[in-house]
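# Structural characterization, general
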Amino acid sequence: MGAAMTQDDALSALSTISDAARIRSRKLKGSIAALVVDASGLSPDERSALEERVRKAALDIPGVEHARVVLTVSRPERKIIAVGSGKGGVGKSTIAANLAVALARMGKRVGMIDADIYGPSQPTLLDAHTRPIAEEKTLIPVVAPSGVRLLSVGQLVPAGQALAWRGPMASGALAQLIEGDWGDTEFLIVDLPPGTGDVQLSLVQKARPDGAVIVSTPQDLSLIDATRAIDLFGKTGVPVLGLIENMAGYSCPHCGEASDPFGSGGAEASARELGVSFLGRLPLSAALRIASDAGAPPAGEDGPAGEAFAELARRLLSQLETIAA
Ligand code: ADP
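Keep in mind the model is a prediction, meaning the values are calculated, not measured. (Residues numbered from 1 in each chain as written. Predicted model: local features only at pLDDT ≥ 70, side-chain atom pairs only at ≥ 80, totals over all residues. Heavy atoms only, no water.)

What follows is about the overall build of the protein. Looking only at helices and strands, the protein features 10 helices and 15 strands. Roughly 16200 Å² of accessible area belongs to the protein as shown, and the carbon and sulfur atoms make up 53% of that amount. Averaging the locations of the 31 positively and 37 negatively charged side chains of the protein gives two centres separated by 4 Å. (Helix = DSSP H or I, 4+ residues; strand = E, 2+ residues; numbered from the N terminus. Areas by Shrake-Rupley, 256 points an atom, 1.4 Å probe, with all protein chains shown as cover. Lys, Arg positive; Asp, Glu negative; His and termini not counted. Charge placed at Lys NZ, Arg CZ, Asp CG, Glu CD.)

Here it is in structure tokens:
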């Protein structure tokens, strides 16, 4: 016991070396020192040099004859947010693109993974049509004019080729996109294919998002549809950050005034009943459709739509903080 203490104390000599802050753990067993060293943010050459310096410093300690140095790299602090919907055509991709742009406009570093195998539309929505290049099999995301980085399943196959992908193929493709070179990206949005079937389930399992957003239209908001989408994330232990109601009411193209032919408040009430947060609503708006489909998401500009998406993005961030707390 006493001897072990002396040996462990011996390793404390390492706290004086210039790389001390990178040493995560140190142990001495007999004459063998085992060290774990954080090599985050270093180039391959710098990593080898660090490993060598620490090994040498350990071997300089009296009694140490062997030094095992293990380098670790801490995972960047990155949040993955999945955007899903109970069915297609509700504006899930449009909202995912605008949320990404709104976050980028707030100064966040944002990436988008377009995993919508049935209709990958993010290259169009974000106006990023270049194909990504691969470096040592790692895909380099393309950068949209908004600054959002993008990788899309649509980029993995020749343009126009239909994607009749089954679960395993789709999740293989998603893995390739997730393992892309996202660098210092802080928020990674995953645009899932619409629906709540096995393909969606395997994609959620693969993406392991920190949270999910569900997009729904007022018509779609039967308890059953929303429950299915919530169940999909519940099954995989992914917290639902909230519900966004799209195409809710009508925004007049002339005066911008919003009217509610179907009444309002239904989505909010359903969300409450289902125990999920309500993030907000967006009206049916020709301007939003035209701008988004033309690759100019209105979230990137001033005006009511830009402000609406900024507010949604702020609520999303606060929900993320709430679940992390
Ligand atoms: P999904 O991803 O759910 O299949 P999309 O985002 O592709 O849906 O949207 C389907 C169509 O609806 C697109 O043409 C889109 O521009 C349009 N759209 C989405 N949201 C709105 C809205 N709030 N007002 C008008 N059109 C919208």
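We now examine the environment of Thr217. Within the secondary structure, Thr217 sits in the loop between β11 (211-216) and α7 (223-235). Classification of Thr217 by relative accessible area gives buried; the value is 6%. Residues Thr217 and Val73, spaced 144 residues apart in sequence, show a C-alpha to C-alpha distance of 43 Å. Residue contacts for Thr217: discarding those within four places in its chain leaves Val90, Asn246 and Met247. (Buried < 20%, exposed > 50% of the residue type's maximum accessible area, 1.4 Å probe, protein only. Contact = heavy atoms within 4.5 Å.)

Right, let's talk about the nonpolar core for a bit. With 37 residues, the main nonpolar core has Ile81, Met112, Leu126, Val148, Ile189 and Phe309 as its most contacted residues. Of all elements in the fold, only β4 (79-85), α3 (92-105), β5 (110-114), β10 (187-191), β11, β12 (240-245) and α10 (304-324) reach the threshold of two or more residues within this core. Broken down by element, this core gets its largest block of residues, nine residues, from α3. Apart from residues lying up to four places away in sequence, Ile81 is in contact with Phe187, Leu188, Ile189, Val190, Gly211, Val213, Leu241, Leu316 and Leu320. (Core = buried A, V, L, I, M, F, W, Y, C linked by side-chain atoms within 4.5 Å.)

With that settled, consider the pairing of β10. In terms of residue burial, β10 counts as a mostly covered element, since five of its five residues are buried. Burial of the side chains of β10 extends over both faces: Phe187, Ile189 and Asp191 are buried on one face and Leu188 and Val190 on the other. In terms of strand pairing, β4 meets β10 through five bridges, oriented parallel. From the neighbouring strand, Ala82 faces β10, where its bridge partner is Val190. (Pairing = 2+ DSSP bridges.)

Between the first and last C-alpha of α10 there are 30 Å, a value that for 21 residues agrees with the 30 Å anticipated at 1.5 Å per step. Listed in full, the buried residues belonging to α10 are Gly306, Phe309, Ala310, Leu312, Ala313, Leu316, Leu317, Gln319 and Leu320. (Expected span 1.5 Å × (residues − 1).)

One non-glycine residue, Asp127, lies in positive phi territory at about 55 degrees. Structurally, the position occupied by Asp127 is in the loop between α4 (122-125) and β6 (134-135). By relative accessible area, which is 36% here, Asp127 ends up partly exposed.

This next bit is on the sheet that holds strand β2 (residues 32-38). With mixed pairing, three strands are arranged side by side in an open sheet as β1-β2-β3. If you trace the sheet from one side to the other, it starts and ends with β1 (23-29) and β3 (66-72), each paired once. Looking at each pair of strands side by side, their axes are set apart by 15 degrees on average, direction ignored. Relative to β2, β1 runs antiparallel, the two being bridged by six bridges. Among the inter-strand pairings, Lys27 is bridged to a residue of β2, identified as Ala34. Helix α2 (residues 44-59) contacts β2 and β3 of the sheet and is inclined by roughly 150 degrees relative to β3. (Axes fitted to C-alpha atoms, helices over the stretch in contact; angles between N-to-C directions.)

Let us look at the domain arrangement of the protein. When its domains are assigned, the protein resolves into domain 1 (7-72) and domain 2 (79-324). Computed from C-alpha atoms alone, the centre-to-centre distance between domain 1 and domain 2 is 45 Å. (Domains from an automatic or database assignment.)

Turning next to the site of the ligand. Residues in contact with the ligand amount to 15 residues; listed here are only the nearest, Gly89, Lys92, Ser93, Thr94 and Ser285. Between the ligand and Thr94 there is a distance of 2.5 Å, counted from an oxygen atom to a side-chain nitrogen or oxygen. Looking at the shell around the ligand, the elements with two or more residues in it are α3 and α9 (286-293). Partitioning the shell around the ligand into residue classes produces five nonpolar, seven polar and three charged. (Near = heavy atom within 4 Å. Polar contact = N/O pair within 3.5 Å; in protein donor to acceptor, adjacent residues only side chain to side chain. Nonpolar A, V, L, I, M, F, W, Y, C, P; charged D, E, K, R; others polar.)

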